[in-house]
Amino acid sequence: EVEKEVKADCLITSNTSSLSVNEMASSLKNSKRFAGLHFFNPVNKMPLVEIIKHDNVSQKTIDSLYAWCLKVKKTPIVVGDGPGFLVNRILAPFLNESAYLLAEGVSIEALDQAILNFGMPMGACRLMDEIGLDVCQKVGKVMEDGIGERMKACNLSAKITDAGHLGKKSGAGFYKYSSAGKSEGINEEILKDLPSDKLELDETTIQMRVFLPMINEASYILDEKIVDDAEQVDLGLIYGIGFPPFRGGLLKYADDEGLDRIVNAIERFSSSVSPTRYSLSPYLRKLAEGKKKFYE
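Residues numbered from 1 in each chain as written. Predicted model: local features only at pLDDT ≥ 70, side-chain atom pairs only at ≥ 80, totals over all residues. Heavy atoms only, no water.

## Digging into the state of the cysteines
For the coordinates displayed, the defined rule picks out zero disulfides. This cysteine, C10, is not joined by any disulfide, and C69 carries the nearest cysteine sulfur, 15 Å off. Under the relative-accessibility criterion, C10 is labelled partly exposed at 27%. Take C125: it sits in no disulfide, and the sulfur closest to it among the cysteines is that of C136, at 10 Å. (Disulfide = S-S within 2.5 Å. Buried < 20%, exposed > 50% of the residue type's maximum accessible area, 1.4 Å probe, protein only.)

And the structure:
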């Protein structure tokens, strides 16, 4: 419908965070001028914009969108089409594994504090509240459908959403919020939907449970050529979700820790937690066995 109303040289874009850009492009008579242009919330604070290619997009369209992003003082990265593109593809296992930890009995406070202490700008529960628990549920289903068992969605979001806790926009999610949107502490009502028997895990274990799947998924992304190199992954996560810059980025952090240690830790969780959600990327295994790094 839009295509009929605009000039022939008008660029058409979608801000979708999870729909297939290739599939959307197939509806256009001239799909060369169409691409994904995905902003991140809150838009006034997060500098990243993902420019998503599809099979028939023209290089002129990509170049024009890149120049426009720079003009409006954003940081663009060009990525391939696929479930969640780059940033949300890597963010999904972080949020999903956080939900599994809550379902296992880890407290909201312990989970978010461990993530904050790692250097993230907010904990997973707070982030899910910001996104909207109903949105998390829908995107989780899209990711599971697109990726498979590795992204098997935890049913906690559905349980909480069914109870009417949608997050910040409804005034209550994992936390309660004032009419001005200020956090007012843990939402006691949501505790009814969480295990009464609490699981005590040390901070490092909590951190590794949520960050190792991100490293693993980034390895799959590199193998699938969604992006060209590790630098694009790290740029996207620093500017898109606020991954702690002092760690150099997700994959620079992995290199510094040692890929052999990362692989061993993922394999331990594969045995003790889930063989599907911690299904080791062949690309990551190959790097570790070859004594190589992401940044080489």
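## Examining the sheet that holds strand β3 (residues 48–52)
Here four strands make up an open sheet; going across it, the order is β1-β2-β3-β4 and the pairing mixed. The open sheet has two edge strands with one neighbour each: β1 (12–14) and β4 (75–79). Recorded for the sheet is a direction-independent mean angle of 30 degrees between the axes of neighbouring strands. Pairing between strand β2 (residues 34–39) and β3: four bridges, direction antiparallel. Paired with G36 across the two strands is I52, which belongs to β3. (Pairing = 2+ DSSP bridges. Helix = DSSP H or I, 4+ residues; strand = E, 2+ residues; numbered from the N terminus. Axes fitted to C-alpha atoms, helices over the stretch in contact; angles between N-to-C directions.)

## A short note on the pattern of salt bridges
Applying the stated criterion across every chain yields a total of 16 salt bridges. Residues E130 and R126 are paired through a salt bridge, measuring 3.6 Å at the closest nitrogen-oxygen approach. Placement of both E130 and R126 in helix α6 (residues 124–131) is noted, with a separation of four residues, approximately one turn of the helix. Overall, the relative accessible area of 34% leaves E130 in the partly exposed class. (Salt bridge = Lys/Arg side-chain N within 4 Å of Asp/Glu carboxyl O.)

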